[in-house]
Amino acid sequence: LSEWEAVLLAGLPLPAYALLHKLFGKSVGVQTVYRTEFDGLLLQGYFTGAGSFLPLTTDVEYHGSDKGKCRLATSSLLGMLILFGLFSWIGVAIDSPQLSFLGSMFLVYSFVYCFPIKPLEGHYIWASSKLLWALISLPILLAFMISMDKTFGQIL
């Protein structure tokens, strides 16, 4: 993978994440507002400059009922996990390092977003049901530990 390919592929999960919010948000009556503060960009720049990679987290505000927020967070996390599986499977099937890398990117974002701290998705699930949070986070954690593209670990 070239650096440019990695950079472009690393950014694709963010618009997919927003698309999942848009699609599922309508059905559960929740609207999302995205905000990335300047200090968050500085922190991302620091880690990138240090040769490490952490996905850029964006503050997401949910506007709707608590039940709707939980449903949207659940849908978007599971959607990201499904996209990880889809891209990883196709990447292996057609021997495409680009698609395998993209699958790993979706998994990393899923892993980070499932943490139960505000403003991450996991917070909305945790606030509604600890059991549901565990049922969603466990497969993400297992996939992260078992299925991560081996070359991907070099940039984490």
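For the structure, check the block above.
Along each chain, the written sequence defines residue order, and numbers are assigned to residues from 1. Predicted model: local features are reported for residues with pLDDT of at least 70 only, side-chain atom pairs are reported and counted for 80 or more only, and whole-chain, interface and lining totals are derived from all residues. With hydrogens and water set aside, each side-chain value is computed from the structure's full complement of heavy atoms.

A. Focus on the overall build of the protein chain. Per the convention used, a helix needs a DSSP run of H or I reaching at least four residues, while a strand needs a run of E reaching at least two, with both numbered from the N terminus. A tally of regular secondary structure across the protein chain gives 7 helices and 2 strands. In the protein chain, the succession of α and β elements from N to C terminus is α-α-β-α-β-α-α-α-α. Counting every position in the protein chain, which comprises 156 residues, the buried fraction comes to 38%. The contact criterion used is simple: two residues touch if any of their non-hydrogen atoms lie within 4.5 Å. When contacts within the protein chain are restricted to residue pairs at least 6 apart in sequence, those whose partners lie at least 24 apart make up 71%. With an accessible surface of roughly 8,800 Å², the protein chain has 68% of that area assigned to carbon and sulfur atoms. Using a 1.4 Å probe on the protein chains alone, a residue whose accessible area is under 20% of its type maximum counts as buried, one over 50% counts as exposed, and one in between counts as partly exposed. Accessible surface area values rest on a Shrake-Rupley calculation with a 1.4 Å probe, where residue burial reflects the displayed protein chains alone.

B. Spotlight on the packing of aromatic side chains. Under the pairing criterion, centres of Phe, Tyr and Trp rings, with the six-membered ring standing for Trp, must be within 6.5 Å; the plane angle then separates stacked pairs below 30 degrees from edge-to-face pairs above 60, leaving the rest tilted. Counted according to the given criterion, the structure contains 7 aromatic pairs. Where Phe87 meets Phe106, the ring centres are 5.5 Å apart and the plane angle is 15 degrees; that geometry is what we call stacked. Of this pair, Phe87 sits in helix α4 (residues 66–93) while Phe106 sits in helix α5 (residues 97–113), and the two are 19 residues apart along the sequence. An angle of 45 degrees between the planes, with centres 5.9 Å apart, marks the rings of Tyr109 and Tyr113 as tilted.

C. Examining the nonpolar core more closely. The term nonpolar core refers to a set of buried residues drawn from Ala, Val, Leu, Ile, Met, Phe, Trp, Tyr and Cys, joined through side-chain atoms within 4.5 Å. In this structure, Tyr62, Leu107 and Ile140 are the most contacted members of the largest nonpolar core, which totals 33 residues. Contributions of two or more residues to this core are made by α1 (3–11), α2 (13–28), β2 (59–63), α4, α5, α6 (121–128) and α7 (130–146). If one sorts the elements of this core by residue count, α5 sits on top with 9 residues. In this structure Leu107 touches Leu81, Phe84, Ile140, Ala143, Phe144 and Met148, once residues within four positions along its chain are discounted.

D. Broad picture of a nonpolar patch on the surface. Taken together, Leu138, Leu141, Leu142, Met145 and Ile146 make up a surface patch of nonpolar side chains, about 490 Å² in accessible area. Mapped onto the elements, Ile146 comes out in helix α7. Its relative accessible area of 63% is what places Ile146 among the exposed residues. Patch criteria: residues need more than 30% relative accessible area and no salt bridge. Like-charged residues are merged within 9 Å; nonpolar side chains of Val, Leu, Ile, Met, Phe, Trp and Tyr are merged within 5 Å. By definition, a salt bridge exists where a carboxyl oxygen of Asp or Glu is found within 4 Å of a side-chain nitrogen of Lys or Arg.

E. Layout of the pairing of β2. Residues Val60 and Tyr62 point to one face of β2 and are all buried, whereas Asp59, Glu61 and His63, pointing to the other face, are not buried. Where strand β1 (residues 31–35) lies against β2, 5 bridges are found, and the strand directions are antiparallel. If you follow Val33 over to β2, its bridge partner there is Glu61. Whether two strands pair depends on DSSP finding at least two bridges between them.

F. Layout of the packing of α4 against α7. To get an axis, a line is fitted to the C-alpha atoms, and for a helix only the part in contact is used. The angle between two axes follows their N-to-C directions and goes from 0 to 180 degrees. Contact pair α4 / α7: the axes reach a minimum separation of 11 Å and the direction vectors enclose 20 degrees. With respect to α7, the element α4 is oriented roughly parallel. The way α4 lies across α7 gives a crossing that is left-handed. Along its contact with α4, which presents Cys70, Thr74, Leu77, Leu78, Leu81 and Phe84, the element α7 presents Leu132, Ile136, Pro139, Ile140 and Ala143. Polar here means any residue other than Ala, Val, Leu, Ile, Met, Phe, Trp, Tyr, Cys and Pro, which are nonpolar, and Asp, Glu, Lys and Arg, which are charged; Gly is therefore polar. Among the residues forming the contact of α4 with α7, the class breakdown is 10 nonpolar, 1 polar and no charged. Small angles under 35 degrees read as roughly parallel and large ones over 145 as roughly antiparallel, with 65 to 115 read as roughly perpendicular and the rest as oblique. The crossing is said to be left-handed when, going from far helix to near helix, the turn is anticlockwise and less than a right angle, and right-handed when the turn is clockwise.

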